[in-house]
Amino acid sequence: MTIVEFHNALKNKTISARAATSLYLDAAKKENKKLNAYLELFEEDAMGRAKEIDNRIASGEEPGILWGVPFAIKDNILISGKIASAASRILKNYVASYDAGVIKKLKAAGAIFLGRTNMDEFAMGSSTENSAYGPTRNPHNNEYVPGGSSGGSAVAVAANLAMAALGSDTGGSIRQPAAFCGAVGLKPTYGAVSRSGLIAMASSLDQIGPLAQSVEDAEIIFNIIKGNDQLDSTSVDSDIFSLKTAPQPVRVIGVPKEYFSEGLDSRINNTIKSVIKKLEKHYTIREISLPNTKHALPCYYIIVPAEVSSNMARFDGIRYGERADADNIFDVYKRSRGEGIGLEVRRRILLGTYVLSHGYYDAYYARAQKVRHLIKEDFKKAFDPKTGVDVILGPTSPTLPFKIGEKSEDPLAMYLSDIYTIPVNLAGIPALSVPYGTVLEDGTNFPIGVQLMAPHFEEKQLFDVGKQIEVL
Amino acid sequence: MISKDDIEHLKDLARTEFGEHETRVLAKDLNSILEYVATLQQADVSNVPEMTYALKDVKNITRPDEDICEEGISKSITDAFPQKERDYLKVKAVL
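Since the structure is predicted, the reported quantities are computational estimates derived from the model, not experimental observations.

A. Representation of the overall build of chain A in the model. Helix and strand content of chain A: 16 helices and 11 strands. Computed over the C-alpha atoms, the radius of gyration of chain A is 21 Å, within 12% of the 23 Å expected from 2.2 N^0.38 for a compact globule of 472 residues. Taking the principal axes of the C-alpha coordinates as reference, chain A spans close to 65 × 65 × 50 Å. The buried share of chain A, taken over its 472 residues, is 64%.

Structure below.
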């Protein structure tokens, strides 16, 4: 049941919020042993809120679009009074003292929170294997990864354990698991959605966004959570969107040749090409070039560890989280972090410390920031209002889901999973992954994700083309 | 190449620990990642500025210095202290 279908049923009183919530809770309780999508269910709270919603409807109030909609929330987004562990040992008992900006907005809109979902620790990973609480499994084949880092949220939506979910995307963490599981995933423009109450990974790239069953649902959620928040000074005013209520319809779709090069699974290539062929009836298709695409991944793996090493400094066992005992304060820090934080996160902390250290700054970080500028310019040129395209289309992921354990010993192989999603974060533009078709592998039909990218604040363009792809 | 000594120094700088096996894996991984990111040296960045923010037209935003905290928040913050005495955060001696 999509949000729109549920909303109509709720209005017509053919379903209650309680019935819907308990349906999802029951499914989650039944399936979670196998899938490990949720780290915790908020059964009592969810049913209590559903009851409130039903009472308000019974008293004659007209329900809003998100009234009673059961959401799954990634474990790095704070809900006041609930544990937010970011799937890390160091925060296993950390109780959030306030609501994230997006949670405030969803609460005000009448949404219900079913539970918090599994993820790669502190959102660092592409498979949801780097969780201190065990891997999440792909609902299409339990031996395979669901993608990551928002794997729990993607599985919750794809396996019908939630009507919709929130995730966070720093280099593809919403779009890649959406593609691997067969959900719709939106990475909004940097600044479109408040990051207040999101446990930070790399602050110049992080964005919260929806995972949903349909493009329309993703659009509905985005329209609720977007907008300025005083507690995130990078968030922009909603006015920027209302100025664009009547944007030019999408005419030209660009296909970047760099997104179809070596490393792309030939079956995904064929699927994306068939989408392009079908879209030719509706749009002008133009091959374009984003020449600095090859530099995006190395650029990202300098900037991200640098920001990670700084953001993770707060997890030292002093003010909150788990504290290890030691003789002096220095060893308390070292041991709390050594024991409480997983290997991939510590690896990035160390790498970040190295690239920012004296004598290496210019060679690594400063150069990466310059290359980041080049990548942003590639998109700016491609989207030039006079000579450019309106939307760019390509694959979300270069490969199908891989087996659990297959890449966990090889960080570079894992990093390559995000090769087509990372440039978007570096440029700060919005992108949407829409499922289209399947590929048979190992007896399983795995879904494929089509990625759409648009200029800053042109999310509407993504939704328009996304809806078109859904009905091809 | 990151040497063994470099790694030990970085562990102290980053205030973190790695086990013996982890350190061996780490040395290999860090060097292969650094080798990979070194491909950025091929990018022509002459006359290119460093990108310091994702959007144009962003300006520094401040808000009035007013207490906007919700009631009861100080209790939930002190409740989160790993070690405390009354409402004091307890830590090892700093000096």
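B. Geometry of the packing of aromatic side chains. All names here are of chain A. Considering all chains together, one arrives at 14 aromatic pairs over all chains under this definition. A centroid spacing of 5.3 Å and a plane angle of 45° characterise the contact between Tyr 94 and Tyr 320, whose relative ring orientation is tilted. In this pair, Tyr 94 is assigned in the loop between strand 2 (70–74) and helix 4 (101–108) and Tyr 320 in the loop between helix 10 (293–311) and helix 11 (329–340), connecting sequence segments 226 residues apart. A residue is classified by how much of its surface remains accessible, and Tyr 94, at 12% relative accessible area, is buried. With a centroid separation of 6.3 Å and an interplanar angle of 40°, the aromatic rings of Tyr 360 and Tyr 364 are classed as tilted. For Tyr 364, a relative accessible area of 14% gives the class buried. An aromatic cluster is defined as three or more aromatic residues linked by ring pairs; in this entry it consists of Tyr 94, Phe 122, Phe 315 and Tyr 320. The ring of Phe 42 carries Lys 82 above its face, with NZ or CZ at 4.9 Å from the centroid.

C. Structural detail: the confidence of the model for chain B. In the predicted model, chain B carries a mean pLDDT of 89, and the fraction of residues at 70 or more is 96%. Our summary of model confidence lists the complex with pTM equal to 0.97 and ipTM equal to 0.94.

D. Structural context of the sheet that holds strand 7 (residues 252–256) of chain A. Residue and element names in this part refer to chain A. What the 11 strands build is an open sheet, ordered 1-3-2-4-6-5-10-11-9-7-8; its pairing is mixed. Of all the strands in the sheet, just strand 1 (38–41) and strand 8 (284–288) have a single pairing partner and so form its edges. The sheet shows a mean angle of 30° between the axes of neighbouring strands, taken without regard to direction. By the bridge criterion, 3 bridges tie strand 2 to strand 4 (residues 164–169) in an arrangement that is parallel.

E. The arrangement of helix 2 (residues 17–35) of chain A in detail. Residue and element names in this part refer to chain A. For helix 2, which comprises 19 residues, the first-to-last C-alpha distance of 25 Å matches the rise-based estimate of 27 Å (1.5 Å per residue) to within 8%. A maximum bend of about 35° is found in helix 2 at Lys 29. Those residues of helix 2 hidden inside the fold are in contact with helix 1 (3–11), strand 1, helix 3 (43–58), strand 2, strand 3 (112–117) and helix 5 (151–158). Immediately downstream of helix 2, the backbone of Asn 36 shows phi near 55°, a positive value.

F. Representation of empty space enclosed by the protein. Residues and elements named next belong to chain A. Scanning the entire structure with this criterion turns up 4 cavities of 30 Å³ or more. A volume near 50 Å³ is recorded for the largest cavity. The wall of the largest cavity is formed by 13 residues, among which Ala 123, Gly 125, Ser 173, Tyr 300 and Asp 418 lie closest to the centre. Here the lining of the largest cavity is built from residues that sort into 5 nonpolar, 6 polar and 2 charged. What lines the second largest cavity is Ala 179, Phe 180, Ile 268, Thr 396, Ser 397, Thr 399, Leu 400, Pro 447, Ile 448 and Gly 449. Along the lines of polarity and charge, the residues of the lining of the second largest cavity split into 6 nonpolar, 4 polar and no charged.

G. Structural view of the environment of Thr 170 of chain A. Residues and elements named next belong to chain A. If you trace the backbone, Thr 170 turns up in the loop between strand 4 and helix 6 (175–181). Sequence separation of Thr 170 and Val 304 is 134 residues, and the distance between their C-alpha atoms is 8.8 Å. Those residues in contact with Thr 170 that lie beyond four places of it in its chain are Met 201, Ala 202, Leu 205, Asp 206, Tyr 300 and Asn 425. There is a polar contact of 2.6 Å between the side chain of Thr 170 and the side chain of Asp 206.

H. Quick peek at the environment of Asp 265 of chain A. All names here are of chain A. Relative to the elements of secondary structure, Asp 265 occurs in the loop between strand 7 and helix 9 (266–279). Relative accessible area serves as the criterion here: at 17%, Asp 265 is assigned to the buried category. The spacing of Asp 265 and Lys 107 is 158 residues in sequence and 41 Å in space, taken between C-alpha atoms. When residues no more than four places from it in sequence are discounted, the contact partners of Asp 265 are Pro 398, Thr 399 and Leu 400.

I. Highlighting the interface of chain B and chain A. The interface of chain B with chain A comprises 52 residues on the first partner and 63 residues on the second. Here chain B meets chain A over a buried area of about 5,300 Å², counting both sides, of which 68% is carbon and sulfur. Our enumeration of links across chain B and chain A arrives at 4 salt bridges. Across the salt bridge formed by Arg 346 of chain A and Glu 22 of chain B, the nearest N and O atoms sit 2.9 Å from each other. Our count for the chain B to chain A interface comes out at 13 residue pairs in polar contact (both at pLDDT 80 or more). Residue assignment for the side of chain B that touches chain A shows that the elements contributing at least two residues are helix 1 (4–13), helix 2 (20–37) and helix 3 (73–79) of chain B. Looking at the side of chain B that touches chain A element by element, the count peaks at 9 residues for helix 2 of chain B.

Cut-offs and rules
- For every chain, the first residue of the written sequence is number 1, and numbering continues from 1 onward in sequence order.
- The order in which chains are written sets their letters, starting at A; the order in which ligands are written sets their numbers, starting at 1.
- For this predicted model, a pLDDT threshold of at least 70 governs which residues receive local features, and a threshold of 80 or more governs which side-chain atom pairs are given and counted, while totals over whole chains, interfaces and linings are taken from all residues.
- To obtain the side-chain values, all non-hydrogen atoms of the structure were used and water was disregarded.
- Numbering of helices and strands runs from the N terminus; a helix is a DSSP stretch of H or I covering at least four residues, while a strand is a stretch of E covering at least two.
- Radius of gyration: over C-alpha atoms. The globule rule applied is 2.2 Å multiplied by the number of residues raised to the 0.38 power.
- Buried residues are those whose accessible area, probed at 1.4 Å on protein chains only, stays under 20% of the maximum for their type, while exposed residues exceed 50% and partly exposed ones sit between those limits.
- For Phe, Tyr and Trp, rings pair up if their centres lie within 6.5 Å, where Trp contributes its six-membered ring, and each pair is then called stacked (planes under 30 degrees apart), edge-to-face (over 60) or tilted (otherwise).
- Lysine NZ or arginine CZ positioned within 6 Å of the ring centre and within 35 degrees of the ring normal marks a charge as sitting over the ring.
- Each residue carries a pLDDT score, the predictor's own confidence in it, on a scale running from 0 to 100.
- A pair of strands is labelled paired if DSSP reports no fewer than 2 bridges between them.
- Convention adopted: a line fitted to C-alpha atoms gives each axis, helices being fitted over their contacting stretch, and angles between N-to-C directions are expressed from 0 to 180 degrees.
- Helix span, expected: 1.5 Å multiplied by one less than the number of residues in the helix.
- Here the bend at a residue means the angle between the axes of two seven-residue stretches, the one that ends at it and the one that starts at it.
- The contact definition used throughout considers only heavy atoms, calling two residues in contact when any of these lie within 4.5 Å.
- Lining residues are defined by having an atom within 4 Å of a point belonging to a cavity or pocket. Those points lie on a 1 Å grid over the protein atoms alone, cavities being sets where a 1.4 Å probe fits but cannot get out and pockets being open sets with protein on both sides within 12 Å along at least five of seven lines.
- Grid points are joined across faces, edges and corners, and a volume is the space filled by probe spheres set on the points.
- Ten residues, namely Ala, Val, Leu, Ile, Met, Phe, Trp, Tyr, Cys and Pro, are considered nonpolar, four, namely Asp, Glu, Lys and Arg, are considered charged, and the remaining ones, Gly among them, are considered polar.
- In protein, a polar contact means a hydrogen-donor-capable atom and an acceptor-capable atom, both N or O and within 3.5 Å, with residues adjacent in sequence counting only if both atoms are side-chain atoms; elsewhere, any N or O pair within 3.5 Å suffices.
- Buried area adds together the accessible area that both of two parts lose upon being put together, with accessible area traced by a 1.4 Å probe.
- Only one rule defines a salt bridge in this text: a Lys or Arg side-chain nitrogen within 4 Å of an Asp or Glu carboxyl oxygen.

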